[in-house]
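Inside the fold
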Amino acid sequence: MKMITYNHAALLPLAALLLVLASCVDYGDATRPVSAKVQLTLPVEFVNGADLSGHTVTLTSGSRTLSAVTDASGVAAFSGIVPDVYDLSASWNLTPEQYAALTGDDVVNEGAVVSGSISNQLISEAGAGDILTLATRLSINRSLVIGKLYYAGSKDNNNKNYLAGRYVELYNQSDAPVNVAGLYLGLLDSGSTPAYSLANLHDLYADTVVMAKQIFRIPADREYWVEPGGTVVITNSAIDHTVNGPMEKNLLQADFECKDQQGRTQNNPATPAMELVYTAFSGISNMNLIQGGPCSVVIFRTDADVTAWQKVYAYGKTKGTQWLMLPVRHIIDGVEVLANKRTGVEVGKKVLLHTVDAGYTNIEATSGYTGEVVYRKSSGRRGSNGHGILKDTNNSSDDFKTSTTIGIREYDE
């Protein structure tokens, strides 16, 4: 067998060469701190521009977080960054007033969030001269709105007046689920002569209150979540009304029912009851929606004891019906519904302040019983979850239209 032998003297120069080569490699390059710049770009909806300065941009990699504030050009400059893969993000809030000023949009909302993010962005010395672009988008914080009112009633199978199927429908405009537990529904003064005109409310109460004839409350015994684009249907009778009249709707799946304590309306024991907080009429415990209008409605939230709010007689009166003074500051949404007479819509009988609803809506009939529903139009926009955004310009004359065929939880696309 031939033995292989090594010349150790010959191997020594090779080992020395490798050692010299290794000493020439700068392993510190991998961890040498670098700098980076991030350029914010504004949402396309900001047609009136915006101040790009003062917004915080954050770089995150594991437990490592760095932040920098943008300059007047919208650039956030970072230094001393350990080369790595980072997530970039920026976010700031807008008030409703800021949103309107920046977008020129009169959609009523609770403000908005501007945000942007980039995942898995490599930041290294090789790209130190580059400016990273962080595009932002707009997400509107929309509150619940009154989406639909059915108060007209219809003719039943025997051509008699039918009013049992009336309902109010709320719509979740927001991009997140909303808990409606404890939400209040208020029905305003609907007399042939308003208890308080808008002039009276202005002169006596500086436009700080409206007058309610009934207040109902969604129970707060548990959480009641409504998904984005979801609805809340509140009715007087949660039954299938289609069996009684050709223009009525199936309300078996209504969410809440204003129970009739007098037993004149069929109620559904399986449907949760709305709490009756106040009624100006002791003999009426369900929603007193007038078939021809007016039927102005508001929704509001408060932690106050509503039953302790001041009650007043009609303007200039010292007896008779008492109205509950509802502070405007608590109102989330309101819809002015007026009667349509042969002489035209009774605009002079408006009772909802212009700050809540600058316009009004109405059915086409002059006395009701036509199956007409007033419902909020589609804005043509979509929320971040893909749900439709309804038109909400704080003017029901523009935001609503009527239909005799649209169903519950349905809206135009």
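Residues numbered from 1 in each chain as written. Predicted model: local features only at pLDDT ≥ 70, side-chain atom pairs only at ≥ 80, totals over all residues. Heavy atoms only, no water.

1. Remarks on helix H2 (residues 96-103)
Taken together, the buried positions of H2 are Tyr99, Leu102 and Thr103. Take H2 and look down its axis: the buried residues cluster within an arc of 85°, on one side only. Looking at the buried residues of H2, the elements they touch are strand S5 (84-94), strand S6 (112-123), strand S8 (137-140) and strand S27 (378-382). Residue Gly104 follows H2 closely and has a positive phi angle near 70°. (Buried < 20%, exposed > 50% of the residue type's maximum accessible area, 1.4 Å probe, protein only. Helix = DSSP H or I, 4+ residues; strand = E, 2+ residues; numbered from the N terminus. Arc of directions from axis to C-beta. Contact = heavy atoms within 4.5 Å.)

2. Some points on the sheet that holds strand S3 (residues 64-69)
Spatial strand order, S3-S2-S5-S6-S8: five strands in an open sheet with antiparallel pairing. Two strands bound the open sheet, and with one partner strand each, they are S3 and S8. Ignoring which end each strand starts from, the neighbouring axes of this sheet average 25° apart. Direction of pairing for strand S2 (residues 56-61) relative to S5: antiparallel, over a ladder of four bridges. Among the inter-strand pairings, Thr60 is bridged to a residue of S5, identified as Asp87. H2 contacts S5, S6 and S8 of the sheet and is inclined by roughly 100° relative to S5. (Pairing = 2+ DSSP bridges. Axes fitted to C-alpha atoms, helices over the stretch in contact; angles between N-to-C directions.)

3. As for the nonpolar core
The biggest cluster of nonpolar side chains holds 47 residues, and the ones touching the most others in it are Leu149, Val180, Leu185, Ile234 and Met287. Elements represented by at least two residues in this core include exactly strand S9 (144-150), strand S12 (167-172), strand S14 (184-188), strand S17 (231-235), strand S20 (297-300) and strand S26 (373-376). For this core, the element with the most residues is S9, which contributes five residues. Ranked by size, the runner-up nonpolar core spans 30 residues in total, among them Ala314, Leu326, Ile331 and Leu353. (Core = buried A, V, L, I, M, F, W, Y, C linked by side-chain atoms within 4.5 Å.)

4. Quick word on the confidence of the model for the chain
The pLDDT averaged across the chain works out to 90; a share of 92% of its residues lies at or above 70. This stretch, residues 1-6, has a pLDDT under 50; its non-local contacts, to residues over four places away or in other chains, come to zero contacts. Below pLDDT 50 for its whole length, residues 8-12 participates in zero contacts with residues either more than four positions away or in separate chains. (pLDDT = per-residue confidence, 0-100.)

5. Describing the side chain of Thr103
As for its placement among the helices and strands, Thr103 is situated in helix H2. Residue classification places Thr103 among the buried residues on the basis of a relative accessible area of 11%. There is a polar contact of 2.7 Å between the side chain of Thr103 and the backbone oxygen of Tyr99. Residues within four places of Thr103 in sequence aside, it is in contact with Glu45, Phe46, Val47, Asn48 and Leu138. (Polar contact = N/O pair within 3.5 Å; in protein donor to acceptor, adjacent residues only side chain to side chain.)

6. Topic: helix H3 (residues 198-205)
Of all the positions in H3, only Leu198, Asn200, Leu201 and Tyr205 are classed as buried. The arc enclosing the buried residues of H3, seen along the axis, measures out at 160°, which places them on a common side. Looking at the buried residues of H3, the elements they touch are strand S15 (209-217), strand S21 (311-313) and strand S22 (322-327). Positive backbone phi, approximately 55°, marks Ala206, located one or two places after H3.

7. So, unusual backbone geometry
Across the chain, the bulk of peptide bonds are trans and the bulk of non-glycine residues have phi less than zero. Across the junction of Gly293 and Pro294, the peptide omega takes the value 5°, indicating a cis bond. By secondary structure assignment, the location of Pro294 is in the loop between strand S19 (275-279) and S20. A positive phi angle, close to 55°, is found at Ala206, a residue other than glycine. Mapped onto the elements, Ala206 comes out in the loop between H3 and S15. Take Ala206: its relative accessible area is 54%, and that puts it in the exposed class.

8. Points about the environment of Asp84
By the element assignment, Asp84 lies in strand S5. Residue class for Asp84 comes out partly exposed when judged on its relative accessible area of 28%. It is 73 Å that separates the C-alpha atoms of Asp84 and Thr321, two residues lying 237 residues apart in sequence. Setting aside residues up to four positions removed in sequence, Asp84 forms contacts with Ser61, Arg64, Gln121, Leu122 and Ile123.

9. Here we look at the pairing of strand S7 (residues 131-135)
Every second residue of S7 is oriented toward a common face, the buried set being Leu132 and Leu134 and the non-buried set Ile131, Thr133 and Ala135. Across five bridges, the pairing between strand S1 (residues 34-41) and S7 is parallel. Following the sheet pairing, Thr41 is matched in S7 by Ala135.

10. Here's the deal with the pairing of S12
By the criterion of burial, S12 is predominantly enclosed, with six of the six residues buried. The alternating pattern of S12 places Tyr167, Glu169 and Tyr171 on one face and Val168, Leu170 and Asn172 on the opposite face, and all of these are buried. Here S9 runs beside S12; their pairing, made up of six bridges, is antiparallel. Each bridged residue has a counterpart across the sheet, and for Tyr150 the counterpart in S12 is Tyr167.

11. Focus on the packing of aromatic side chains
Inspection of every chain in the model, using the stated rule, returns eight aromatic pairs. For the pair Tyr224 and Phe256, a centre-to-centre distance of 5.0 Å together with 70° between the ring planes defines the contact as edge-to-face. Residue Tyr224 is located in the loop between S15 and strand S16 (225-226), and its partner Phe256 is located in strand S18 (residues 256-257); the two are separated by 32 residues in the primary sequence. With relative accessibility at 10%, the residue Tyr224 sits in the buried group. Owing to a relative accessible area of 3%, Phe256 belongs among the buried residues under this scheme. One Lys or Arg, Lys148, reaches over the ring of Tyr411 and ends 4.4 Å from the middle of that ring. (Phe/Tyr/Trp six-rings, centres within 6.5 Å; stacked < 30°, edge-to-face > 60°. Lys NZ or Arg CZ within 6 Å of the ring centre and 35° of its normal.)

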